[in-house]
Amino acid sequence: MRVALVAGEHSGDRLGAGLIRAIRARCPEAEFDGVGGPLMQAEGLRSHYPMEALSVMGLVEVLRHLPRLLRIRRDLVARYRTDPPDVFVGIDLPDFNLSIERRLKAVGVPTLHYVSPQVWAWRQGRVRTIGRSVDRILALYPFEAEFYRRHGVPVDFVGHPAADRFPLQPDAGAARAALGLADDGGGPWVALLPGSRLGEVQRHAQLYARTVARLRERQPDVRFIAPLAWPGLRAVFYEALVQQGVSDAVQLFEGRADEVMAAADVVLTASGTATLEAMLLKRPMVVAYRLAPLTFWLMKRLVRVSHVSQPNLLAGEGLVEEYLQDAATPDNLAYALYRLLNDEPRSAYLRARFAELHGTLRRGADGQAATAVLAAAGGNGS
């Protein structure tokens, strides 16, 4: 059996690696090719292109690299039409993968799309195009599966691999020891996650630094930790801390976001995957996010959901306080963090609700996805 997979980002590479591993456990003779990163390649994927060739974000960047992206897409479609795999799995990257899936489905190749596009949030009319492009969606969240079922698109809710990876009862003491932090009964720890991309950190650095200053005025014993994955991000954030006179209050780490959040009492985070991970680590959080003004103006008119953070989307309610755009001010954020740090009943309630949500996502996602892929390929999905 031969499985073709295409991933274009680190998160997709991780998903793909887990999927390959689960398929091979049931079907040792399976072969894998397509596009993937080091994790997928380590599991046996033969990658026809470097994954970085597809890792392009932003309208201007996509336009600049469009000829290359179109060339790669044409090559993959021609390759798989000439020598069809038993099944094609596009992992996230919807603008690229859905077009390949549509062309391969038209010539009889079974196609699955792993990770739903955010069609439930905006441009909901795309669901018809998605339904014509793929034989099945593999959704990470239950509300996504419900959306596709309402629209008659075949879907499996497989759960989220991160929910399998994170422990049900995280150990803050162990995380603090691993980071070399004093677990001495001193002041509380606040984790700061201003984003994982340069543009996000540039927009949030001064906001978060001023929030540190405001919160220290309210609660002088509070301590701060921040994980930033690469030197450019750390430099931008550190400069903002220096300008606000609080560089001595924040300990920076080279990545290690999971440990930093696990070590914290409360998390201040940008919207995105970090909100899911903070939830899985049972850490009360405040969400703050700013976009470029024009982008925010457009998104307000396009987006159809009331919340942006993963815990709130999963719960269907405003569990977590969200401060977006003009509402994201140092005073608002500092006060929200202060309330969480000093309201143990509220924090306990959030931890309990996060544990419930964790349980809904903890389904053995790699194995569930493997079952669906093998079934589509006509193999043994049991």
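Predicted, not measured: the structure shown is a model, and the values here were computed from it.

Asks: What am I meant to see in the overall build of the protein chain here?
Replies: Within the protein chain one finds 17 helices and 13 strands. Taking 382 residues into account, the globule formula puts the C-alpha radius of gyration at 21 Å, and the protein chain, at 22 Å, falls close to it. Referenced to the eigenvectors of the C-alpha coordinate spread, the extents of the protein chain come out at roughly 65 × 40 × 40 Å. Of the contacts formed within the protein chain by residues at least 6 apart in sequence, a portion of 68% connects residues at least 24 apart. Of the roughly 16800 Å² of accessible surface on the protein chain, 51% is carried by carbon and sulfur atoms. Taking the average location of the 46 positive side-chain charges in the protein chain and that of its 41 negative ones, the two points are 7 Å from each other.

Asks: Teacher, can you tell me more about the packing of aromatic side chains here?
Replies: A ring pair, where both rings are aromatic, is described by two values, the distance of the centres and the angle of the planes. Summed over all chains, the structure comprises 3 aromatic pairs. Taking 5.5 Å as the distance between ring centres and 10° as the angle between the ring planes, the aromatic pair formed by Tyr141 and Phe143 counts as stacked. A single burial state applies to Tyr141 and to Phe143, both of which are buried. Here the aromatic rings of Phe147 and Tyr148 are separated by 5.6 Å at their centres, their planes lie at 85°, and the arrangement is edge-to-face. Owing to a relative accessible area of 0%, Tyr148 belongs among the buried residues under this scheme. One Lys or Arg, Arg218, reaches over the ring of Tyr338 and ends 5.6 Å from the middle of that ring. Across from the ring centre of Tyr335, 4.5 Å away, lies the NZ or CZ of Arg339, which sits over that ring.

Asks: Please explain the pattern of salt bridges as it appears in this structure.
Replies: If the charged atoms of two oppositely charged side chains come close together, the side chains can form a pair. Tallied over the full model, the rule gives 14 salt bridges. Between Arg21 and Glu43 there is a salt bridge whose closest N-O contact spans 2.8 Å. Residue Arg21 is found in helix H1 (residues 10-26), and its partner Glu43 is found in the loop between helix H2 (38-42) and strand E3 (46-50); the two are separated by 22 residues along the sequence. Among the residues examined, Glu43 registers a relative accessible area of 23% and is labelled partly exposed. Residues Glu356 and Arg353 are paired through a salt bridge, measuring 2.7 Å at the closest nitrogen-oxygen approach. Here Arg353 and Glu356 lie together in helix H16 (residues 344-361), a separation of 3 residues that amounts to about one turn. By relative accessible area, which is 49% here, Glu356 ends up partly exposed. Put simply, Arg2, Asp33 and Asp83 are held in one network by salt bridges that share partners.

Asks: Explain the environment of Pro194 to me, please; I cannot follow it from the model alone.
Replies: Along the chain, Pro194 falls in the loop between strand E8 (189-193) and helix H9 (198-218). For the pair formed by Pro194 and Ala274, sequence separation is 80 residues and the distance between their alpha carbons is 9.7 Å. Not counting the four nearest positions on each side in its chain, Pro194 is found in contact with Glu200, Val201, His204, Tyr208, Leu228, Phe237 and Ala270.

Asks: For this particular structure, what's the right way to read the sheet that holds strand E4 (residues 87-91)?
Replies: Backbone-to-backbone hydrogen bonds join strands into a sheet, with any given pair of strands oriented parallel or antiparallel. With respect to topology, 7 strands assemble into an open sheet ordered E3-E2-E1-E4-E5-E6-E7, the strand pairing being parallel. The open sheet is flanked by E3 and strand E7 (155-157), the only strands paired with a single partner. Averaged over neighbouring strand pairs, the angle between their axes works out to 15° when direction is ignored. The sheet contact formed by strand E2 (residues 31-36) and E3 spans 4 bridges and is parallel. Within E3, the residue paired with Asp33 across the bridge is Arg46. Relative to the sheet, helix H6 (residues 142-150) contacts strand E6 (136-139) and E7, its axis offset from that of E7 by approximately 160°.

Asks: Can you help me understand the confidence of the model for the protein chain in this one?
Replies: Caution is warranted with low-pLDDT regions, since their predicted coordinates should not be read in detail. Mean pLDDT for the protein chain: 90, with 91% of residues reaching 70 or above. Scored below 50 in pLDDT, residues 57-61 makes 3 contacts in the model with residues more than four places away or belonging to other chains.

Asks: Before we go on, may I ask you to explain the sheet that holds strand E11 (residues 266-269) in this structure?
Replies: Read across the sheet, 6 strands follow the order E10-E9-E8-E11-E12-E13 without closing on themselves; strand pairing throughout is parallel. Bordering the open sheet on either side are strand E10 (250-254) and strand E13 (321-324), each of which pairs with just one other strand. Across this sheet, the average inter-strand angle for adjacent strands is 20°, counted without regard to direction. Alignment of strand E9 (residues 223-228) against E10, held across 5 bridges, turns out to be parallel. Bridging from a neighbouring strand, Ala226 pairs with Leu252 of E10. Most of the contacts of helix H12 (residues 273-280) go to strand E12 (residues 285-289), to which it runs at about 180°, and overall it touches E8, E11 and E12.

Asks: How should I be thinking about the nonpolar core in this particular structure?
Replies: Most often, soluble globular proteins have nonpolar side chains that are buried together. Membership of the largest hydrophobic core comes to 112 residues, with the highest contact counts inside it found for Leu5, Tyr114, Leu192 and Phe237. With 8 residues, H9 is the largest single contributor of residues to this core. Apart from residues lying up to four places away in sequence, Phe237 is in contact with Leu192, Pro194, Val201, Ala205, Tyr208, Ala226, Leu228, Val250 and Leu252. Listed in part, the 16 residues of the second largest apolar core include Ala4, Tyr80, Phe88 and Leu104.

Asks: Please explain the environment of Asp258 as it appears in this structure.
Replies: Its place among the elements puts Asp258 in helix H11 (residues 257-263). Spatially, the C-alpha atoms of Asp258 and Ala278 are 8.0 Å apart, while their sequence positions differ by 20 residues. Leave out the neighbours within four places in its chain, and Asp258 touches Arg165, Phe166, Glu277 and Leu281. Engagement of the side chain of Asp258 in a polar contact is seen with the side chain of Arg165, the distance being 3.0 Å.

Reading the values: rules and limits
Residues numbered from 1 in each chain as written. Predicted model: local features only at pLDDT ≥ 70, side-chain atom pairs only at ≥ 80, totals over all residues. Heavy atoms only, no water. Helix = DSSP H or I, 4+ residues; strand = E, 2+ residues; numbered from the N terminus. Rg over C-alpha atoms; globule rule 2.2 N^0.38 Å. Contact = heavy atoms within 4.5 Å. Areas by Shrake-Rupley, 256 points an atom, 1.4 Å probe, with all protein chains shown as cover. Lys, Arg positive; Asp, Glu negative; His and termini not counted. Charge placed at Lys NZ, Arg CZ, Asp CG, Glu CD. Phe/Tyr/Trp six-rings, centres within 6.5 Å; stacked < 30°, edge-to-face > 60°. Buried < 20%, exposed > 50% of the residue type's maximum accessible area, 1.4 Å probe, protein only. Lys NZ or Arg CZ within 6 Å of the ring centre and 35° of its normal. Salt bridge = Lys/Arg side-chain N within 4 Å of Asp/Glu carboxyl O. Pairing = 2+ DSSP bridges. Axes fitted to C-alpha atoms, helices over the stretch in contact; angles between N-to-C directions. pLDDT = per-residue confidence, 0-100. Core = buried A, V, L, I, M, F, W, Y, C linked by side-chain atoms within 4.5 Å. Polar contact = N/O pair within 3.5 Å; in protein donor to acceptor, adjacent residues only side chain to side chain.

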